Amino acid sequence: SDDGGVRVVEMLFSSSLIAIVGAGERPGDSPRRLRLWNTRSDDLICELNFSSAVLGLRMNRGRLLAALETRLHVFELASMKLLHTLETVANPRGLVELSADAGTSHCALPGSGAGQVLYYDAQRLHAL
């Protein structure tokens, strides 16, 4: 059995905010659990559980994106409110990128065909 570890980690620029997804079989280390930490104060800000493994994470000052194999969850970073869930093509590597500009929050992820990219506005919640 897997004793744990970290599957995915993402830091908000050079701040003390990090998002961590575990890699173990124990509930606390589950790859379906995302934890948002303030490393300066060593406080857990929030913990989210998903129906399947979180494969990729991206953050900017406005949004947190959690990539699952066939879904992209878009959260408002300040409140961690789920804003939208986007059904995606199979994305077993959790590929997703997010612009640094919180005003636009454009992201890119694999598209429906080979070599295609879906360009998505995570601020206004629609495809571009």
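Quantities reported herein were computed from a predicted structural model and do not represent experimental measurements. (Residues numbered from 1 in each chain as written. Predicted model: local features only at pLDDT ≥ 70, side-chain atom pairs only at ≥ 80, totals over all residues. Heavy atoms only, no water.)

(A) Molecular detail of the sheet that holds strand β2 (residues 17–22). An order of β1-β2-β3-β4 is seen for the four strands of this open sheet, with the pairing classed as antiparallel. Pairing within the sheet leaves two strands with one partner each, and these edge strands are β1 (6–11) and β4 (43–49). With strand direction ignored, the average angle separating the axes of adjacent strands in the sheet is 20°. Where β2 and strand β3 (residues 33–38) come together, five bridges link them in antiparallel fashion. (Pairing = 2+ DSSP bridges. Helix = DSSP H or I, 4+ residues; strand = E, 2+ residues; numbered from the N terminus. Axes fitted to C-alpha atoms, helices over the stretch in contact; angles between N-to-C directions.)

(B) Representation of the state of the cysteines within the structure. Per the stated rule, a full pass over the model turns up zero disulfides. Unpaired in terms of disulfides, Cys46 finds its nearest cysteine sulfur in Cys107, a separation of 19 Å. Owing to a relative accessible area of 16%, Cys46 belongs among the buried residues under this scheme. Taking relative accessible area as the criterion, Cys107 reaches 1% and is therefore assigned buried. (Disulfide = S-S within 2.5 Å. Buried < 20%, exposed > 50% of the residue type's maximum accessible area, 1.4 Å probe, protein only.)

(C) Just the sheet that holds strand β10 (residues 106–110), in detail. Spatially, β9-β10-β11-β12 is the arrangement adopted by the four strands of the open sheet, whose pairing is antiparallel. Single-partner strands in this sheet number two, and they are β9 (97–98) and β12 (126–127). Both strand β11 (residues 117–121) and β12 contribute to a ladder of two bridges, which runs antiparallel. When the sheet's bridge partners are listed, Tyr120 is paired in β12 with Ala127.

(D) Representation of the pairing of β3 within the structure. Examined bridge by bridge, β3 and β4 share six bridges and lie antiparallel to one another. The residue bridging Trp37 from the neighbouring strand is Leu44, located in β4. Connecting β3 to the next strand, β4, in antiparallel fashion are four residues, including Asp42 with a positive phi near 60°.

(E) Representation of the packing of aromatic side chains in the model. Within this structure, the stated rule accounts for one aromatic pair. When the centroid spacing of 6.1 Å and the interplanar angle of 85° are considered together, the rings of Phe50 and Phe75 count as edge-to-face. Here Phe75 lies in strand β7 (residues 71–76) and Phe50 lies in the loop between β4 and β5 (56–59), a separation of 25 residues in the sequence. For the pair shown, Phe50 and Phe75 are each scored as buried. (Phe/Tyr/Trp six-rings, centres within 6.5 Å; stacked < 30°, edge-to-face > 60°.)

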